[in-house]
Amino acid sequence: MLNTTSHLLRRSAQGLAVALGLLAGAGMTQAFAGTTYPLTLENCGSKVVIDHAPKRVVSIGQAQTEILYALGLGDRVVASALWFGPVAKPYEAVNAGVKRLADNDPSFEAVVGQEPDLVVAMYEWHIGPNGIVGTRGRFDGVKVPVYVSPTDCVGKDNSGAGDGVRTQMYSTELLYRNIREYGAIFDVSDRAEALVARLKAREEAATRTVASLKGRDMSMALWFSSKEIKGDAFLAGKNGVPAYVMEQLGARNIITTEEEWPLVGWETIAANDPDVLVLVKMDRRRFPADDIDAKLAFLKTDPVASQLSAVKNGRIVIVDVAATRPGLDTVDGLEAIAAAVQGFGLVH
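Residues numbered from 1 in each chain as written. Predicted model: local features only at pLDDT ≥ 70, side-chain atom pairs only at ≥ 80, totals over all residues. Heavy atoms only, no water.

Engineer: How do you make sense of the nonpolar core when you look at a structure like this?
Structural biologist: Most often, soluble globular proteins keep nonpolar side chains buried together rather than apart. Ile 60, Val 119, Ile 127, Phe 139, Met 220 and Ile 337 are the most contacted members of the largest nonpolar core, which totals 50 residues. It is helix H12 (residues 329-343) that contributes the most residues to this core, 5 residues altogether. Beyond its immediate stretch of four places on either side in the chain, Met 220 contacts Met 246, Ala 251, Arg 252, Asn 253, Ile 254, Pro 274, Val 276, Val 278, Ile 337 and Val 341. Residues Val 57, Trp 83, Tyr 91 and Ile 185 belong to the second largest nonpolar core, which totals 38 residues. (Core = buried A, V, L, I, M, F, W, Y, C linked by side-chain atoms within 4.5 Å. Buried < 20%, exposed > 50% of the residue type's maximum accessible area, 1.4 Å probe, protein only. Helix = DSSP H or I, 4+ residues; strand = E, 2+ residues; numbered from the N terminus. Contact = heavy atoms within 4.5 Å.)

So this is what it looks like as structure tokens:
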């Protein structure tokens, strides 16, 4: 029977955001100069001009929505879309009052129908040159500014189909840039800096716990899903969020391609035989292997996968899907995998 280490720290630490959201009302002295409008930002190769602190925001992407909530800006979010799982518990109350346009991809008409003065997006494949919701030009045509997270465009090529290709390793510095730019856009830089400082401290603490792994060549792979349960697996590419987490923990990703989520056969995975296998748990059911129970059953019964060292030795970690995408949950994933590795006895 697999000695499965369930994902830990289900974003409970994000409760810090509740306090952050109250800073303004606590009479805290401003440590940063207020934003001067109009504010001009370089965003994913385009110039974005913000004339005033936005009051009606449509957020396309759970990670972006939760960052806004963490900054105490839930009252500015009038609608959201693209949800991979339940909202983090600290934000359940505020999220209940926000209209959900779609669990996945909203239409352009649905978005502009909310009369937003800002639209934010998690991915360029929603709003970008080939955006399925709309292009920047289309939003410009109705005079609605758009902000796309730098986590999805800096060091990443989204010109082709699919999830894009990361040409540079993801870094949480892109997340911190995202948070700070929201601080400037909404004139809440104090809150943004406080949130960044807390996340950095957690990240540094997690990496310290496994510092002895550096140079030990522990290998790791993260299985996101599969189109067919016995088919090739979507594994984390060499430059994405999971790869960044692996690097911070001193682990070697067995995948060396720049594609964000390459499909890899189990014979190839077995040939690389990772020491630790990370599985993703999610509510989405686009593919059969989105189901974590289906993943675990496959690993127990498949003649190839069941012989992996990680499976035979019970070195399996389950993380929430949120930990695999750029957002506050990246740090949760880092903490959970670090704790699991300690539990496996791989840290001395």
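Engineer: I would appreciate a short explanation of helix H2 (residues 62-70) in the present structure.
Structural biologist: Every α-helix winds through 3.6 residues per turn, so residues three or four apart in the chain are directed the same way. Among the 9 residues that make up H2, 9 are buried, leaving the element largely enclosed by the rest of the structure. Residues Gln 62, Ala 63, Gln 64, Thr 65, Glu 66, Ile 67, Leu 68, Tyr 69 and Ala 70 constitute the buried set of H2. At the exit of H2 stands Gly 72, carrying a positive phi of roughly 75 degrees.

Engineer: What should I look at first to understand the environment of Ala 338 in this one?
Structural biologist: One can find Ala 338 in helix H12. Residue classification places Ala 338 among the buried positions, given a relative accessible area of 1%. Beyond its immediate sequence surroundings of up to four residues, Ala 338 is in contact with Ala 206, Thr 209, Val 210 and Leu 249.

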